[in-house]
Amino acid sequence: MDLREILEKVRVPPGSKVKLSRFDPAWPGTAEMKHLCGDKLKMRAKRMIEQNVHELANAQELLWASDTYAMLVVFQAMDAAGKDGTIKHVMSGVNPQGCEVVSFKAPTAEELDHTFLWRVAKASPSRGKITIFNRSHYEDVLIVKVHPELLEQSKLPPGKRGKSFWRARYDDINSFEQHLHRNGTRIVKFFLNLSKDEQKRRFLSRLDDKRKHWKFSMADVRERGYWDKYQSAYQDMLRATSTRWAPWYVIPADNKWVARAMVSAILTHEINTLELRWPEVNDEHRKELAEARKRLLSE
Ligand code: ATP
Ligand code: MG
């Protein structure tokens, strides 16, 4: 399957009433198939990531040199879907000076005193940089939608918290992202789509392995109890906020290597669409370079 086909498969078309169930978390195969060709699949994925990491590192240098565009990459997922590992692998070759990862947790008192977009606006990338959001402003239409009582802490003016309240939040998000796009920030959003069974397997493996205990939290199991509500919030979010300027990609996440390879391929593709070039050197600068060479050689 070539990249174009993969993109078509996982990209959420803007304005569509897409069903989350259309996306298979276990793609490209059943557990038996993965067992049979697991190693081969992993090797192919690793090779693909290596290639993309190299391309992404080059593209990032160009992004930095041209100082016009920035890139914002959003990751959202249920717990244990592999956000951290994906970020680590995909960004492994990129110059740390041009790249930042920002994690968004439950908002602080100061953050709650502002609108929900305040903290993300502050953290969005400056020109030339790639910023990765590990969770994002989308938590405010996911966990907060699943647990509307969280809204009580945000000291909003009184009003109904029904459909039109959430519609307004999606509209605000779309406008905010369009504003970033118009000013040079390219946005790519990934939903790592994990199945409920695979999440259970990963939680159990964290419990079985002492080195993974730090990763385990009872809160994760509690949130798992709201699985269907989360799926429905994710589906609403995908339908309302996949736009021309900030598309969502639904990445099959049951196989970690498939997810990582897909994310790296899509990111590389997106950054390459900018068709960045090294900045042009004007005549005056060219003269300066010649003068510098002359001086150095005559030392
Ligand atoms: P890890 O994968 O290491 O567990 P994590 O991203 O799950 O990382 P945690 O500290 O476990 O980090 O969880 C952060 C929690 O903060 C998540 O449950 C998330 O839903 C919650 N959170 C993030 N943004 C908001 C928000 N705006 N309102 C309420 N809760 C939020
Ligand atoms: Mg967590």
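Parameters at a glance
Residues numbered from 1 in each chain as written. Chains lettered and ligands numbered in written order. Predicted model: local features only at pLDDT ≥ 70, side-chain atom pairs only at ≥ 80, totals over all residues. Heavy atoms only, no water. Pairing = 2+ DSSP bridges. Helix = DSSP H or I, 4+ residues; strand = E, 2+ residues; numbered from the N terminus. Axes fitted to C-alpha atoms, helices over the stretch in contact; angles between N-to-C directions. Contact = heavy atoms within 4.5 Å. Near = heavy atom within 4 Å. Polar contact = N/O pair within 3.5 Å; in protein donor to acceptor, adjacent residues only side chain to side chain. Nonpolar A, V, L, I, M, F, W, Y, C, P; charged D, E, K, R; others polar. Buried < 20%, exposed > 50% of the residue type's maximum accessible area, 1.4 Å probe, protein only.

A.B. asks: Teacher, can you tell me more about the sheet that holds strand E4 (residues 185–193) here?
C.D. replies: One key point about sheets: their strands pair by backbone hydrogen bonds, in either a parallel or an antiparallel sense. One open sheet holds the five strands; their spatial order is E2-E3-E1-E4-E5, and the pairing between them is parallel. The sheet is open, and its two edges are formed by strand E2 (99–103) and strand E5 (248–252), each paired on a single side. Neighbouring strand axes in the sheet, compared pairwise and without regard to direction, differ in orientation by 20° on average. Two elements, E2 and strand E3 (residues 130–134), share five bridges in a ladder whose sense is parallel. Across the sheet, residue Val 101 finds its bridge partner in E3, namely Ile 132. Running at roughly 150° to strand E1 (residues 70–77), helix H3 (residues 83–90) makes contact with E1, E2, E3 and E4 of the sheet. Sheet strands touched by helix H11 (residues 256–272): E1, E3, E4 and E5. Its angle to E5, the strand with the most contacts, is close to 155°.

A.B. asks: Help me understand the site of ligand 1, please; the structure alone is not making it clear to me.
C.D. replies: In the neighbourhood of ligand 1, 13 residues make up the surrounding shell, with Asp 79, Lys 105, Arg 119, Arg 135 and Glu 139 lying closest. Measuring from an oxygen atom of ligand 1, one finds a side-chain N or O atom of Asp 79 at 3.2 Å. One of the side-chain nitrogen or oxygen atoms of Lys 83 is found 3.4 Å away from an oxygen atom of ligand 1. Among the elements of the structure, H3 and helix H6 (143–146) are those that each provide at least two residues to the shell around ligand 1. Of the residues in the shell around ligand 1, the class split is five nonpolar, no polar and eight charged.

A.B. asks: I would appreciate a short explanation of the pairing of E3 in the present structure.
C.D. replies: Side chains on a regular strand alternate between the two faces of the sheet. Along E3, five of the five residues are buried, which leaves the element largely enclosed by surrounding structure. Side chains Ile 130, Ile 132 and Asn 134 of E3 all project onto a buried face; the interleaved residues Thr 131 and Phe 133 project onto the opposite face, where all are buried too. Note that E1 and E3 share five bridges and pair parallel. Each bridged residue has a counterpart across the sheet, and for Phe 75 the counterpart in E3 is Asn 134.

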